[in-house]
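# Residue-level structure breakdown
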Amino acid sequence: MNDDPGLFEIMHSLRAMRRLKPDPVPPAMIDRILDAAIRAPSGQNTQPWAFLVVTDADGKRFFGERYRYWLYERFGEQITRDDPHSALGRSINAARHLADHMHEAPVLLMVMGKRDWPFAVPAAERQGKAPPSYGSVYPCVQNILLAARGLGLGASLTTMHQMFEDELHAHFGIPSDYGVVAVIPIGYPQGRFGPVSREPAASKTHYEHWGRQRRD
Ligand SMILES: Cc1cc2nc3c(=O)[nH]c(=O)nc-3n(C[C@H](O)[C@H](O)[C@H](O)COP(=O)(O)O)c2cc1C
């Protein structure tokens, strides 16, 4: 594999890397990833993200135990039912492996977003806690995945924390005006990157009007 892959090679081989080696990741690499993360665009350039880097064993165990419990609670039946050789079965196996080994990932990078009502929600309907600004945080999350891949590190996007987010806030002291958007385990990969396979863009694309194809 090229040591310095180009942008398109990175995007084409950026699959969820859920099997990680326990070897520590140098803090300078995490700094580079975060410096790429904060280059992302955000609505009105508000930069509503915040990061929590968890590397100590207690914090990772706390997160890993809850993540594993909820993954099995949510997908338990599917975990035993799917053919382990099908694409879905392989993906579920990998997700289960990650859940079983979450606490061994060298770094758990939590990405938070400042809570803010989407401007289309009328003031009268703004009840309770606003959601974090997902739209303004996901470009930053994608930059993290791209930067990790660019440095040869494996990472995957997880969101199961939403089942126990209150506990995360209490344990890690996350202020209530932030929501946790994603938790990204990062480490040196056990397997190889890519290629990612997806439905072709042509099957998702319409021209000039929904349902129309391009006239060449
Ligand atoms: C919004 C979002 C939430 C996700 N949550 C999880 C998760 O909780 N656990 C997990 O293992 N993968 C999670 N994923 C990863 C997807 O399962 C993965 O990107 C998808 O299956 C494609 O896999 P591939 O890139 O390896 O082909 C999530 C991805 C997205 C975009």
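A short tour of the structure in this document, coming up. (Residues numbered from 1 in each chain as written. Predicted model: local features only at pLDDT ≥ 70, side-chain atom pairs only at ≥ 80, totals over all residues. Heavy atoms only, no water.)

### Comments concerning the overall build of the protein chain
Within the protein chain, the regular secondary structure consists of six helices and four strands. Since a compact globule built from 216 residues should have a radius of gyration of about 17 Å, the 19 Å found for the protein chain is in line with a globular shape. Counting across all 216 residues of the protein chain, residues that qualify as buried make up 38%. Only carbon and sulfur atoms are counted for the fraction: they give 51% of the accessible area of the protein chain, which is about 13200 Å². (Helix = DSSP H or I, 4+ residues; strand = E, 2+ residues; numbered from the N terminus. Rg over C-alpha atoms; globule rule 2.2 N^0.38 Å. Buried < 20%, exposed > 50% of the residue type's maximum accessible area, 1.4 Å probe, protein only. Areas by Shrake-Rupley, 256 points an atom, 1.4 Å probe, with all protein chains shown as cover.)

### Re helix α5 (residues 134-150)
The end-to-end C-alpha distance of α5, which contains 17 residues, comes to 24 Å, matching closely the 24 Å that a straight helix rising 1.5 Å per residue would cover. Among the residues making up α5, those that are buried are S136, V137, C140, V141, I144, L145, L146, A147, A148 and R149. In this structure, the buried residues of α5 make contact with α1 (7-12), α2 (27-37), β1 (49-54), β2 (107-114), β3 (154-155) and β4 (178-187). Immediately downstream of α5, the backbone of G152 shows phi near 80°, a positive value. (Expected span 1.5 Å × (residues − 1). Contact = heavy atoms within 4.5 Å.)

### Considering the nonpolar core
In this structure, I33, L109, V111, I144, L153, I184 and I186 are the most contacted members of the largest nonpolar core, which totals 27 residues. Looking at this core, the elements with two or more residues in it are α2, β2, α5 and β4. No other element matches the eight residues that α5 contributes to this core. Among residues more than four places away in sequence, those in contact with I33 are I144, A147, A148, L151, L153 and I186. (Core = buried A, V, L, I, M, F, W, Y, C linked by side-chain atoms within 4.5 Å.)

### Observations regarding the sheet that holds β4
Reading across the sheet, the four strands line up as β1-β2-β4-β3 and stay open at both edges, with antiparallel pairing between neighbours. Single-partner strands in this sheet number two, and they are β1 and β3. Here β1 runs beside β2; their pairing, made up of six bridges, is antiparallel. Bridge pairing in β2 places V53 opposite L109. Packed on one face of the sheet, α2 meets β1, β2 and β4 and runs near 165° to β1. (Pairing = 2+ DSSP bridges. Axes fitted to C-alpha atoms, helices over the stretch in contact; angles between N-to-C directions.)

### A few points about the site of the ligand
Within the structure, the ligand sits among R15, A16, R18, Y67, A95, Y138, L157, T158, T159, M160 and R198. Alone, the ligand offers 640 Å² of accessible surface; in the complex the protein occludes 61% of this. Across the shell around the ligand, the residue classes break down as six nonpolar, two polar and three charged. (Near = heavy atom within 4 Å. Nonpolar A, V, L, I, M, F, W, Y, C, P; charged D, E, K, R; others polar.)

### Focus on helix α6 (residues 165-172)
Turning to α6, its buried residues number three or more, namely E165, L168 and H169. For α6, the arc enclosing every buried residue in end-on projection is 100°, short of the 170-degree limit, so these residues lie on one face. Facing away from the buried side of α6 by over 90 degrees, the exposed positions are D166 and A170. G173 sits one or two positions beyond α6 and adopts a positive phi of about 70°. (Arc of directions from axis to C-beta.)

### Focus on the side chain of K60
One can find K60 in helix α3 (residues 57-81). Lacking a salt bridge, the buried K60 has D56 as its closest oppositely charged neighbour, with an N-O distance of 8.0 Å. When near neighbours in sequence (up to four residues on either side) are disregarded, K60 contacts V54, T55, H103, A105, P106 and L108. (Lys, Arg positive; Asp, Glu negative; His and termini not counted. Salt bridge = Lys/Arg side-chain N within 4 Å of Asp/Glu carboxyl O.)

### Topic: the environment of R96
Note on placement: R96 falls in helix α4 (residues 87-101). For R96, a relative accessible area of 27% translates into the label partly exposed. Separated by 44 residues in the primary sequence, R96 and L52 place their C-alpha atoms 24 Å from one another.

### Let's talk about the pairing of β2
Counting buried residues along β2, seven of its eight residues qualify, which places the element largely inside the surrounding structure. Bridge analysis of β2 against β4 gives eight bridges, and the strand direction is antiparallel. Bridge assignment links V107 to a residue of β4, and that residue is I186.

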